Amino acid sequence: GMSLIEDQRGSLRKAFFWALQAYRSAPGRTEYVRRLRSVALRASLPAVWERTVEEFTSIAAKGEAGQEAQGFALLYAGELLERLGRPVEAERVWKRSTELGITGAEIEAIRLDSRDEMLGPFVSAFVRGVETRYRHFAASGEAEDFEEFLAWAQGLYARLTGEALAEAGPVIDYAFV
């Protein structure tokens, strides 16, 4: 019989195929852009990342999608290029994404994340951000600013992943030690 690994590969291949079809059928739908990205990241295969970068950049180049979806496609293409060890190309693609409404903060979060694969998606950037901000707020006693920052980080996470950030309890407890 098939090993578990082969089975997982097979279902990931199927998931990638369907995510790709969905994206091609409606490249203007941001949720399809996000789904393709998340399947590609789960696959963890350079060939899949290359293919996804091609899809994201060619559709964005044709201008077939709306501005928001194109911006995210380029943001994620840059992320995959960074993971493929092609930072110069990543920067070029990210620069184009800023012309489509992607912010510097979003690029920075994705960049940090691509370089720290030991931690889950976005967690590394979030934790680092929380830690540095918290040090500043602890020193200056601006607790409300910390709450505000947390709300900002949660909003950023939701925009980048299409999901709500899980309860940040442990991070905060740890930060307040």
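The structure under discussion appears in the preceding block.
Residues numbered from 1 in each chain as written. Predicted model: local features only at pLDDT ≥ 70, side-chain atom pairs only at ≥ 80, totals over all residues. Heavy atoms only, no water.

What follows covers the packing of helix 2 (residues 30–43) against helix 3 (residues 46–62). At a closest axis distance of 9 Å, the pairing of helix 2 and helix 3 adopts a crossing angle of 160 degrees. Comparing the axis directions of helix 2 and helix 3 gives the class roughly antiparallel. As for the relative orientation of helix 2 and helix 3, their crossing is left-handed in sense. Facing V33, L36, R37, A40, L41 and A43 of helix 2, the residues of helix 3 in contact are V48, W49, T52 and F56. Class assignment for the residues of the contact of helix 2 with helix 3 results in eight nonpolar, one polar and one charged. (Axes fitted to C-alpha atoms, helices over the stretch in contact; angles between N-to-C directions. Helix = DSSP H or I, 4+ residues; strand = E, 2+ residues; numbered from the N terminus. Parallel < 35°, antiparallel > 145°, perpendicular 65-115°, else oblique. Left-handed = near helix turned anticlockwise from the far one by under 90°. Contact = heavy atoms within 4.5 Å. Nonpolar A, V, L, I, M, F, W, Y, C, P; charged D, E, K, R; others polar.)

Here is a general trend for soluble globular proteins: nonpolar side chains tend to be buried in one another's company. Formed by 39 residues in total, the largest nonpolar core has its most connected members in Y23, V33, F56 and L75. Within the residue set of this core, elements represented by two or more residues are helix 1 (4–25), helix 2, helix 3, helix 4 (67–83), helix 5 (87–98), helix 6 (104–115) and helix 8 (143–161). Ranked by the residues each element gives to this core, the list is headed by helix 4, at nine residues. Once residues lying within four places of it in the same chain are set aside, the contact partners of L75 are W94, S97, I102, E106, I107, I110 and L160. (Core = buried A, V, L, I, M, F, W, Y, C linked by side-chain atoms within 4.5 Å. Buried < 20%, exposed > 50% of the residue type's maximum accessible area, 1.4 Å probe, protein only.)

Once that is clear, we can look at helix 5. Along its 12 residues, helix 5 runs 16 Å from first to last C-alpha, staying within 8% of the 16 Å computed at 1.5 Å per residue. All of the buried residues along helix 5 are A90, V93, W94 and S97. For helix 5, the arc enclosing every buried residue in end-on projection is 105 degrees, short of the 170-degree limit, so these residues lie on one face. Residues V88, R92 and K95 are exposed on helix 5 and point more than 90 degrees away from its buried face. (Expected span 1.5 Å × (residues − 1). Arc of directions from axis to C-beta.)

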